[in-house]
Amino acid sequence: MVKTIYVGNLVYSATRESVQELFSQFGEVFSVKLINDRESGRPKGFGFVEMEDDAALKAIEALDNKDFEGRTLRVNEARPKA
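Figured I'd write up the structure that's included with this text. (Residues numbered from 1 in each chain as written. Predicted model: local features only at pLDDT ≥ 70, side-chain atom pairs only at ≥ 80, totals over all residues. Heavy atoms only, no water.)

**Looking at the sheet that holds strand β6 (residues 74-77)**
Item 1. With respect to topology, 4 strands assemble into an open sheet ordered β2-β3-β1-β6, the strand pairing being antiparallel. Since the sheet does not close on itself, it has two edges, and those belong to β2 (29-36) and β6, each with one partner. This sheet shows a mean twist of 20° between the axes of neighbouring strands, independent of strand direction.
Item 2. Alignment of β2 against strand β3 (residues 43-52), held across 6 bridges, turns out to be antiparallel. (Pairing = 2+ DSSP bridges. Helix = DSSP H or I, 4+ residues; strand = E, 2+ residues; numbered from the N terminus. Axes fitted to C-alpha atoms, helices over the stretch in contact; angles between N-to-C directions.)

Rendered as C-alpha coordinates:
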(Lines give C-alpha, C1' and ligand atoms only; values in the text may rest on other atoms or scores of the structure.)
Protein backbone atom coordinates (compact mmCIF):
# COMPACT_ATOMS: atom_id res chain seq x y z
CA MET A 1 0.00 0.00 0.00
CA VAL A 2 1.11 3.58 -0.62
CA LYS A 3 1.85 5.87 2.30
CA THR A 4 2.06 9.67 2.13
CA ILE A 5 4.91 11.29 4.05
CA TYR A 6 4.95 14.91 5.21
CA VAL A 7 8.34 16.59 4.73
CA GLY A 8 8.74 19.91 6.51
CA ASN A 9 11.41 22.56 7.03
CA LEU A 10 12.77 22.14 3.51
CA VAL A 11 15.10 24.78 2.13
CA TYR A 12 13.22 27.00 -0.31
CA SER A 13 15.64 26.02 -3.06
CA ALA A 14 14.77 22.29 -2.74
CA THR A 15 13.54 20.73 -5.99
CA ARG A 16 11.30 17.75 -6.66
CA GLU A 17 14.39 15.98 -8.02
CA SER A 18 16.54 16.61 -4.92
CA VAL A 19 13.76 15.42 -2.57
CA GLN A 20 13.11 12.36 -4.74
CA GLU A 21 16.81 11.52 -4.74
CA LEU A 22 16.94 11.81 -0.93
CA PHE A 23 13.94 9.51 -0.38
CA SER A 24 14.79 7.00 -3.14
CA GLN A 25 17.59 5.64 -0.92
CA PHE A 26 14.82 3.86 1.01
CA GLY A 27 12.69 2.54 -1.86
CA GLU A 28 10.67 3.56 -4.88
CA VAL A 29 9.25 7.08 -4.76
CA PHE A 30 5.87 7.29 -6.50
CA SER A 31 5.47 11.07 -6.28
CA VAL A 32 6.92 14.23 -4.78
CA LYS A 33 4.74 17.30 -4.34
CA LEU A 34 6.33 20.51 -3.07
CA ILE A 35 3.85 23.15 -1.89
CA ASN A 36 4.01 26.72 -3.16
CA ASP A 37 2.19 29.81 -1.90
CA ARG A 38 -0.92 30.39 -4.04
CA GLU A 39 -0.43 34.13 -4.37
CA SER A 40 3.32 34.58 -4.61
CA GLY A 41 4.17 31.20 -6.14
CA ARG A 42 7.12 30.93 -3.74
CA PRO A 43 7.91 27.61 -2.05
CA LYS A 44 6.42 27.21 1.42
CA GLY A 45 9.18 24.90 2.67
CA PHE A 46 7.23 21.67 2.87
CA GLY A 47 5.85 18.92 0.70
CA PHE A 48 4.65 15.36 0.44
CA VAL A 49 6.29 12.15 -0.77
CA GLU A 50 4.42 8.95 -1.66
CA MET A 51 6.15 5.60 -1.14
CA GLU A 52 5.34 1.97 -0.31
CA ASP A 53 4.53 1.42 3.39
CA ASP A 54 7.77 -0.34 4.37
CA ALA A 55 10.00 2.08 2.46
CA ALA A 56 8.06 5.04 3.89
CA LEU A 57 8.55 3.86 7.47
CA LYS A 58 12.30 3.40 6.87
CA ALA A 59 12.56 6.86 5.31
CA ILE A 60 10.63 8.51 8.17
CA GLU A 61 12.85 6.82 10.76
CA ALA A 62 16.07 7.68 8.93
CA LEU A 63 15.33 11.24 7.81
CA ASP A 64 13.36 12.85 10.66
CA ASN A 65 15.55 15.48 12.36
CA LYS A 66 18.35 14.95 9.81
CA ASP A 67 20.15 17.77 8.02
CA PHE A 68 19.27 18.33 4.36
CA GLU A 69 20.94 21.23 2.54
CA GLY A 70 21.53 23.05 5.83
CA ARG A 71 18.11 22.62 7.48
CA THR A 72 16.79 20.01 9.93
CA LEU A 73 13.97 18.07 8.28
CA ARG A 74 10.66 17.24 9.93
CA VAL A 75 9.52 13.92 8.44
CA ASN A 76 6.41 12.01 9.52
CA GLU A 77 3.36 10.25 8.21
CA ALA A 78 1.00 12.75 6.61
CA ARG A 79 -2.31 13.20 8.36
CA PRO A 80 -5.50 13.96 6.46
CA LYS A 81 -6.64 17.58 6.46
CA ALA A 82 -9.10 18.27 9.25
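**Considerations on helix α1 (residues 16-23)**
Item 1. Where α1 is concerned, the buried positions are S18, V19, L22 and F23. All buried residues of α1 fall inside an arc of 130° around its axis, so they share one side. What points out from α1, more than 90 degrees from its buried face, is the exposed set E17 and E21.
Item 2. Elements in contact with the buried residues of α1: β1 (2-8), β2, β3, α2 (53-63), β4 (67-68) and β6. (Buried < 20%, exposed > 50% of the residue type's maximum accessible area, 1.4 Å probe, protein only. Arc of directions from axis to C-beta. Contact = heavy atoms within 4.5 Å.)

**Considerations on the pattern of salt bridges**
Item 1. All told, the structure shown has 2 salt bridges when counted by the stated rule.
Item 2. In this structure, the salt-bridge partner of K3 is D53, at a minimum N-O distance of 3.9 Å. Placement of K3 in strand β1 and of D53 in helix α2 is noted, with a sequence separation of 50 residues between them.
Item 3. Across the pair K3 and E77 runs a salt bridge, and its minimum N-O distance is 3.4 Å. Linking K3 in strand β1 with E77 in strand β6, this pair joins segments that are 74 residues apart in sequence.
Item 4. With relative accessibility at 15%, the residue K3 sits in the buried group. (Salt bridge = Lys/Arg side-chain N within 4 Å of Asp/Glu carboxyl O.)

**Let's talk about the environment of T4**
Item 1. Here T4 lies in strand β1.
Item 2. The partly exposed category is assigned to T4, whose relative accessible area is 28%.
Item 3. With sequence-adjacent residues up to four places away left out, T4 is seen in contact with F48, V49, E50, E77 and A78.

**A few points about α2**
Item 1. Among the residues of α2, those classed as buried are A55, A56, A59, I60 and L63. Down the axis, α2 shows its buried residues gathered within 135° of arc, on one side only. Exposed side chains of α2 directed beyond 90 degrees from the buried face belong to D54, K58 and E61.
Item 2. Looking at the residues trailing α2, positive phi occurs at N65, about 65°.

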